Amino acid sequence: MLYFITFYIVICNNIYWGFDMASRAISGATTRLKSVELVDPLENLLGYQLRRASILIMKDLHEALTSVELSPAEASVLLVIKANPKVKLIEVGRCLAIKRANMTPIVAQLEQRGLVERTVDGRAHALVLTPQGDKLALQVEAVIAQHEQRCLGHLDKATQKQMQEILHTLRG
């Protein structure tokens, strides 16, 4: 277990610092602020490192998705519906760990934009993508692929796969 915790800390630091360097290079930042050497009492806390990495990765994803005018939540819902035509709203919410109260406005926004429509499937409404939604979902997949490459491309494929397996285990 100690191995996995150490592994996570190393990976999270690599994600954080690798992404931070990449973002500085992308933004053209050339100046550095003088920093005081502080002891970071949180550096060895796995949850803290995961959260810091998550913040940076989600920030980049949010910025990347502005090109298709979607939030990360909307993009996620769009992709789940694409992968599961005629899925029910509650099932999408369960898949993405989004409460029904929060799912309703997300789907309403996607419907308003003409990306998703509800069809009657028995007693419940099922969600399907419109042709416009299908087209946008392909763009979203490309944007996300570029985002993943920016954030995780400095890690080799074996490390990325191992990270995915460990994170799936942590999520239960």
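All of the points below concern the structure found in this document. The shown structure was predicted, so the numbers you read here are calculated from the model rather than taken from an experiment.

### Let's talk about the overall build of the protein chain
Summing up its helical and strand segments, the protein chain has 7 helices and 3 strands in all. Secondary structure elements in the protein chain, listed N-terminal to C-terminal, are α-α-α-β-α-α-β-β-α-α. Counting the 172 residues in the protein chain, one finds 32% classified as buried. Contacts in the protein chain between residues far apart in sequence, at least 24 positions, make up 63% of those at least 6 positions apart. Per element, the accessible surface of the protein chain, about 11500 Å² overall, is 58% carbon and sulfur.

### Quick notes on helix 5 (residues 100-112)
Over its 13 residues, helix 5 extends 18 Å from the first C-alpha to the last, a length consistent with the 18 Å expected when each residue adds 1.5 Å. Turning to helix 5, its buried residues are Met 103, Ile 106, Val 107 and Leu 110. The arc that holds the buried residues of helix 5, viewed along the axis, is 95 degrees, so those residues lie on one side. Summarising the geometry of helix 5, the exposed residues directed more than 90 degrees from the buried face are Ala 101 and Gln 112. Along its buried surface, helix 5 packs onto helix 3 (72-83), helix 4 (89-96), strand 2 (116-121) and strand 3 (124-129). Looking at the residues trailing helix 5, positive phi occurs at Gly 114, about 80 degrees.

### Observations regarding the nonpolar core
Counting residues in hydrophobic clusters, the biggest one holds 26 residues, and the most contacted among them are Leu 70, Val 77, Leu 78 and Val 116. Those elements that provide at least two residues to this core are helix 2 (46-65), helix 3, helix 4, helix 5, strand 3 and helix 6 (131-152). It is helix 3 that contributes the most residues to this core, 5 residues altogether. Not counting residues within four places of it along the chain, the set of residues in contact with Val 77 comprises Val 92, Leu 96, Ile 98, Met 103, Ile 106, Val 107 and Leu 110. Counting residues in hydrophobic clusters, the runner-up holds 5 residues, among them Ile 57, Leu 152, Leu 155 and Met 163.

### Some details on the sheet that holds strand 1 (residues 87-88)
The antiparallel open sheet is built from 3 strands, whose spatial order is 1-3-2. Of all the strands in the sheet, the pair left with one neighbour each is strand 1 and strand 2. For strand 1 and strand 3, the ladder comprises 2 bridges, and the chain directions are antiparallel. From the neighbouring strand, Lys 88 faces strand 3, where its bridge partner is Ala 126. On the sheet, helix 3 packs against strand 1, strand 2 and strand 3 and is oriented at approximately 100 degrees with respect to strand 3.

Criteria and thresholds
- Residue indices begin from 1 for each chain and proceed along its sequence in written order.
- Given that the model is predicted, a residue must reach a pLDDT of at least 70 before its local features are reported, and side-chain atom pairs must reach 80 or more before they are shown or counted; all residues, however, enter totals for whole chains, interfaces and linings.
- With hydrogens and water excluded, all non-hydrogen atoms of the structure serve as input to the side-chain values.
- A run of H or I in DSSP becomes a helix once it reaches four residues, and a run of E becomes a strand once it reaches two; helices and strands are each numbered from the N terminus.
- For the exposure calls, accessible area comes from a 1.4 Å probe over protein chains only, and a residue counts as buried if that area is under 20% of its type's maximum, exposed if over 50%, partly exposed in between.
- Note on definitions: a residue-residue contact is assigned when non-hydrogen atoms from the two residues lie within 4.5 Å.
- Each accessible area is a Shrake-Rupley estimate made with a 1.4 Å probe; only the visible protein chains count as cover when residues are assessed.
- For a helix, the expected span equals 1.5 Å multiplied by the residue count minus one.
- Of all possible arcs, the one meant is that of the directions from the helix axis to the C-beta atoms.
- Residues enter a nonpolar core if they are buried and are Ala, Val, Leu, Ile, Met, Phe, Trp, Tyr or Cys, with the set joined through side-chain atoms within 4.5 Å.
- Think of it this way: DSSP has to see at least two bridges between two strands before they count as a pair.
- Under this scheme, a helix contributes an axis fitted over its contacting stretch, all axes are lines through C-alpha atoms, and angles between N-to-C directions fall in the 0 to 180 degree range.

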